[in-house]
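Take a look at the letters that make up each chain.
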Amino acid sequence: MASSLTTLSDEARIALETMAGRASGLFSPGLRLGVTGLSRAGKTVFISALVHNLIHGGRLPLFEAQKSGRIARAFLEEQPDDNVPRFQYEDHINALVDDRIWPDSTRAVSELRLTIEYESASAWNRMFSAGKLSVDIVDYPGEWLLDLPLLGKSFAEFSHDAREMALLPVRTDLSKDWLALAAATDPNADADEMTARRLAESFTAYLKACKLDERALSTLPPGRFLMPGDMEGSPALTFAPLPDLGDKRARSGSLQAMMERRYEAYKTHVVKPFFREHITRLDRQIVLIDAMQALNAGAGAVADLERALTEILACFRLGQGSFLTDFFARRIDRILIAATKADHLHHESHDRLQAIVRRLADRAIARASFSGADVDVVAMAAVRATREGTVKQGRETLPVIIGTPLSGEKIGNDRFDGKTETAIFPGDLPSDINSVFEDCRSDSSEDATIRFVRFRPPKLERTAEGLTLSLPHIRLDRALQFLMGDRLA
Ligand code: GDP
C-alpha cells in the first residue's frame, strides 16, 4: 500500500511538472539533453567540446543550422534548477585548452543551460517561433542509470542476480573473496553492523575491481557503490547481496532483515528520486561508449560492453511495467549511441568503427526488445587529439596518427614523456567486423589489432589576432545534427 501511494504521488507530481513545463515551453522552447555513459566513456569531454564549438562557432559542416549561417549566437545562461550542481564548463575548458590536460570526469549529476539564438529556415516558423532554443544539458553517470532494474527487484532477486554475475567465468577471479565471505555468512544471524560493513566493503571492492579490470568488464549495480556522489559511507550504501535466501521470510532482527531494509531504503531514497528529478524530464539522450577500450581488450570485453548497452537501452524501453520508465521512455524520442575517441584510429578505420557500433547497437536493441525512440549511432571524437600523416617503411607507406602521448604511456619498451609529438601506426580494425564479436584470441592487449595509446589534448591553433579556435573534433557535428538539428529547423 505504502509503495502504491508513493507511486501515485510521483505520478501526479511528474504529470503536473510536465504540464507546467510544456506550458512555459510555449514561450521559451527548451530541450533537455541527457548525456550518459559508464565512467571514463567521455561525457565530460563531450559536453565541454559541444558547448565550446557552439559558443565559438566551430567548424560543424554536418550541423545544418551552423553550416547555413542561421545561428546568430550561442551562450551560457543560468540553469533552471538551483538544487543541481552546475557542469563546471569553464574549469574543464581551462584544463583542455590552457593546460592541455583532460578535465576531471563525471562523478555525479550536473547541469548546464546553453541558449541558441537562430533564424528558422522556414518563413512559417520564423513567424511563430522566437528563434531561441534553450538546451539543458544533464550529465549523469551511467552507473546510476543502471540502478533502474533494481526498482523491480526484491532483495532476494537482487542477491540471486548478483551471485550469478559473480560466478561468470570472466569474473570469478575478482569475486572469489566476496563470494567466500558471503557463503560463510548466516543471513538468519542477529543483525550486526560490523558484519554488514565487512560484506558491503568486500562486495564494493569486487565491483570496483571489475571496473578497473583491463578486460573492461562492464558495470554491475548498485551504481552508488561505484560512484557514491555525496553518499560515501552512508548506511543506505552499507548492504550487500546475501547467500541463497530461498523463500524464507527474514526473521525480525536478523542480518537478512537489516540488509533487506537497507536495500529498500536505497531504492526509495536514492534510486527513485534520481529518476524522478533528473531522468523523467529528458527529451533526448546520448549514450557514450568506450568501444576503443573494449576492442583493445578483446571479444570478452566487447560482449560485456554489449551487455551493458543492452541494460542501458532497456532503461529507455517502453512497457517496463514501471511507471517511472514508461513516463520517460515515452518522452525521449531520440537516442544516440556514440563511440568516442575515434581519433585513436586513422580515418580509414572510422567507418569500420561505426559499423561495429551499429552492430553492437542492433544486437543490444534486439536483446532489450527495445522500441520507442529513434536510435542512431556514430563513431566520433569529441576532441580530436591527433592528426594524420603517413610514414614510409621500406617500400610501404603506412597511415599514421600524430599526437603527444600522455606522460607514462608505453609502446613496447618506449615510454613517453608527455612532451614529445610522436607518429604512431594505430593498426586497422578488421574489415570483417564479425571477428570482433566472435574472436577467440586471448583477452590480452598484447594480441590486440589496434594499438591504443592515450594522447594529450591537442594544441589549439590561434588566429592572426591571437584568438584560439574551437576544439577540433571528428563528427561531433553529426551528433549535434541528430540530437538537436530538427529543433533549429
Ligand atoms: P566521463 O567519466 O564519462 O566524464 O569521461 P571523460 O569525459 O572524463 O573522459 C575520460 C577520458 O577519456 C579522458 O580523460 C580522456 O583521456 C579520454 N577521452 C574522452 N573523450 C575523448 C576524445 O574525444 N578523444 C580522446 N583522444 N580522448 C578522449
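Higher on the page you've got the structure.
Figured I'd write up the structure that's included with this text. (Residues numbered from 1 in each chain as written. Predicted model: local features only at pLDDT ≥ 70, side-chain atom pairs only at ≥ 80, totals over all residues. Heavy atoms only, no water.)

**Some details on the overall build of the chain**
- Within the chain, the secondary structure is distributed over 17 helices and 12 strands.
- The 489 residues of the chain split such that 52% are buried.
- Pairs at least 24 apart in sequence give 76% of the contacts found in the chain among residues at least 6 apart.
- Just so you have it, the chain exposes about 22500 Å², and 51% of that area is on carbon and sulfur atoms. (Helix = DSSP H or I, 4+ residues; strand = E, 2+ residues; numbered from the N terminus. Buried < 20%, exposed > 50% of the residue type's maximum accessible area, 1.4 Å probe, protein only. Contact = heavy atoms within 4.5 Å. Areas by Shrake-Rupley, 256 points an atom, 1.4 Å probe, with all protein chains shown as cover.)

**Here's the deal with empty space enclosed by the protein**
- Applying the stated criterion across every chain yields a total of one cavity of 30 Å³ or more.
- Size it by volume and the largest cavity reaches roughly 30 Å³.
- Lining the largest cavity are Leu-207, Cys-210, Lys-211, Ser-218, Thr-219, Leu-220 and Leu-226.
- Tallying contributions element by element places helix α9 (residues 193-212) first for the lining of the largest cavity, with three residues.
- When the residues that make up the lining of the largest cavity are grouped by side-chain class, the tally is four nonpolar, two polar and one charged. (1 Å grid on protein atoms, 1.4 Å probe; cavity = no way out; pocket = protein on both sides within 12 Å on 5 of 7 lines; lining within 4 Å. Points joined across faces, edges and corners; volume = space filled by probe spheres on them. Nonpolar A, V, L, I, M, F, W, Y, C, P; charged D, E, K, R; others polar.)

**Digging into unusual backbone geometry**
- Of note, the bond from Pro-221 into Pro-222 is cis; its omega dihedral lies within 30 degrees of zero at 0°.
- Mapped onto the secondary structure, Pro-222 falls in the loop between α9 and α10 (223-226).
- If you check the backbone angles, Arg-100 has positive phi at about 50° while not being a glycine.
- Note that Arg-100 resides in the loop between α4 (89-99) and β3 (110-118).
- Taking the relative accessible area as the measure of exposure, Arg-100 reaches 17% and is therefore buried.

**A short note on the pattern of salt bridges**
- According to the stated counting rule, one finds 30 salt bridges in the structure shown.
- Measuring nitrogen to oxygen at the nearest pair gives 3.4 Å for the salt bridge that ties Arg-73 to Glu-117. Taken together, the residues Arg-73 in strand β2 (residues 71-77) and Glu-117 in strand β3 connect sequence positions 44 residues apart.
- Classification of Arg-73 as partly exposed rests on a relative accessible area of 43%. (Salt bridge = Lys/Arg side-chain N within 4 Å of Asp/Glu carboxyl O.)

**Some words on the site of the ligand**
- Surveying the vicinity of the ligand reveals 18 residues, the closest of which are Arg-40, Lys-43, Thr-44, Ser-105 and Asp-343.
- Taking Lys-43, its side chain carries an N or O atom lying 2.8 Å from an oxygen atom of the ligand.
- In the environment of the ligand, an oxygen atom lies 2.9 Å from a nitrogen or oxygen atom belonging to the backbone of Val-45.
- Across the complex, the protein chains shield 97% of the 570 Å² of accessible surface that the ligand would expose by itself. (Near = heavy atom within 4 Å. Polar contact = N/O pair within 3.5 Å; in protein donor to acceptor, adjacent residues only side chain to side chain.)

**Let's talk about the nonpolar core**
- Grouped together as the largest cluster of nonpolar side chains are 83 residues, with contacts concentrated most on Tyr-140, Phe-203, Met-259, Ile-289, Phe-316 and Leu-353.
- A domain split of this core shows at least three residues from each of domain 1 (2-140 + 278-384 + 475-488) and domain 2 (153-272).
- Residues contacting Ile-289, with those up to four places away along its chain left out, are Ala-41, Leu-305, Leu-309, Ile-337, Ala-338, Ala-339, Thr-340, Val-357 and Leu-360.
- Counting residues in hydrophobic clusters, the runner-up holds 45 residues, among them Phe-63, Val-97, Ile-286 and Val-378. (Core = buried A, V, L, I, M, F, W, Y, C linked by side-chain atoms within 4.5 Å. Domains from an automatic or database assignment.)

**Some thoughts on the packing of aromatic side chains**
- The final tally for this structure, using the stated rule, is 15 aromatic pairs.
- Residues Phe-155 and Phe-158 carry aromatic rings whose centres are separated by 6.2 Å and whose planes lie at 45° to one another, so their mutual orientation is tilted. Of this pair, Phe-155 and Phe-158 are both found in helix α7 (residues 155-166), three residues apart, which corresponds to roughly one turn of the helix. For the pair shown, Phe-155 and Phe-158 are each scored as buried.
- Taking 6.1 Å as the distance between ring centres and 50° as the angle between the ring planes, the aromatic pair formed by Phe-203 and Tyr-206 counts as tilted. Residue Phe-203 and its partner Tyr-206 are both found in helix α9; the two are separated by three residues, about one turn of the helix.
- Accessibility expressed as a relative area gives 1% for Phe-203, which makes it buried.
- The residue whose ring lies beneath Arg-73 is Phe-75, and the NZ or CZ to ring-centre distance is 3.8 Å. (Phe/Tyr/Trp six-rings, centres within 6.5 Å; stacked < 30°, edge-to-face > 60°. Lys NZ or Arg CZ within 6 Å of the ring centre and 35° of its normal.)

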